[in-house]
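Here are the chains, one letter per residue:
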Amino acid sequence: MIAGNIAYADRYKKMGGGLETALAWLEKSDYSVLEKGNGPLEIGGGVTVNLSHVALKKYKDWEAHKKYADLHFCIEEGEVISCKDAKLVRDFGEYSEQKDIMFAPATNDGVRVPMRMGDFVVVYPEDAHMPGVAIGEEKTVRKIIVKIPV
């Protein structure tokens, strides 16, 4: 897991690959070009960007992926993302190869990252994560999700 802010993107871009591609795009882009429902936008090297409207709730399930890292980028505040080692999550359900996702029931542990404007969290296949949890009131927020092949 990596947590940071786009103001310090140069630090993380040095890691190269899809992370560099994703952060470079987020630094220079006008997010209004993304509209909900337009599907993912390919930005190079198999990296895709998508605008998501997320209904924040008090509890969400854990999720994990096998083929992609997720970069969650905050453009509206109110979300907290929890992360922990996927090996510590019990009861993952069946893995969907098509959607590259599996879920497990929520638990009240893990590292909690409150998302502020410009913040991002990158989670890799070894990182279970619980996005979409409300910091306070339950509401819908817009965020950008970048899928990075690993």
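A brief structural summary. Note that this is a predicted model, so its numbers are computed, not measured. (Residues numbered from 1 in each chain as written. Predicted model: local features only at pLDDT ≥ 70, side-chain atom pairs only at ≥ 80, totals over all residues. Heavy atoms only, no water.)

**Things to note about the packing of aromatic side chains**
Threshold: The rule is short: rings of Phe, Tyr and Trp, with Trp giving its six-membered ring, pair when the centres are within 6.5 Å, and they are stacked under 30 degrees, edge-to-face over 60, tilted in between. Only DSSP runs of H or I with at least four residues qualify as helices, and only runs of E with at least two residues qualify as strands; both kinds are numbered from the N terminus onward. Per-residue accessibility, obtained with a 1.4 Å probe over protein chains only, is compared with the maximum for each type, and a residue is labelled buried under 20%, exposed over 50%, and partly exposed between these values. To sit over a ring, a charge needs its Lys NZ or Arg CZ within 6 Å of the ring centre and within 35 degrees of the ring normal.
Counting across every chain of the model gives one aromatic pair. Ring geometry for Tyr12 against Phe120: centres 5.4 Å apart, planes inclined by 90 degrees, an arrangement best described as edge-to-face. Linking Tyr12 in helix α1 (residues 9-13) with Phe120 in strand β9 (residues 119-123), this pair joins segments that are 108 residues apart in sequence. Of the two residues, Tyr12 and Phe120, both sit in the buried class. Sitting over the ring of Tyr95, Lys66 keeps its end group 4.4 Å from the ring centre.

**Points about the sheet that holds strand β3 (residues 47-55)**
Where we set the bar: Two strands form a pair only when DSSP identifies at least two bridges running between them. For helices, the axis comes from a line fit to the C-alpha atoms of the stretch in contact; other axes are also lines fit to C-alpha atoms, and the angle between any two N-to-C directions lies between 0 and 180 degrees. Note on contacts: a residue pair is in contact if any heavy atoms of the two residues lie within 4.5 Å.
Reading across the sheet, the six strands line up as β1-β9-β5-β11-β3-β2 and stay open at both edges, with antiparallel pairing between neighbours. The outermost strands of the open sheet, each flanked by one partner alone, are β1 (2-5) and β2 (41-44). Pairs of neighbouring strands in the sheet enclose a mean axial angle of 25 degrees, with direction left out of account. Examined bridge by bridge, β3 and strand β11 (residues 140-149) share eight bridges and lie antiparallel to one another. Residue His53 lies in a different strand from β11, and its bridge partner there is Arg142. In the packing of helix α2 (residues 17-28) onto the sheet, contacts are made with β1, β2, β3, β5 (68-74), β9 and β11, and the angle to β11 comes to roughly 145 degrees.

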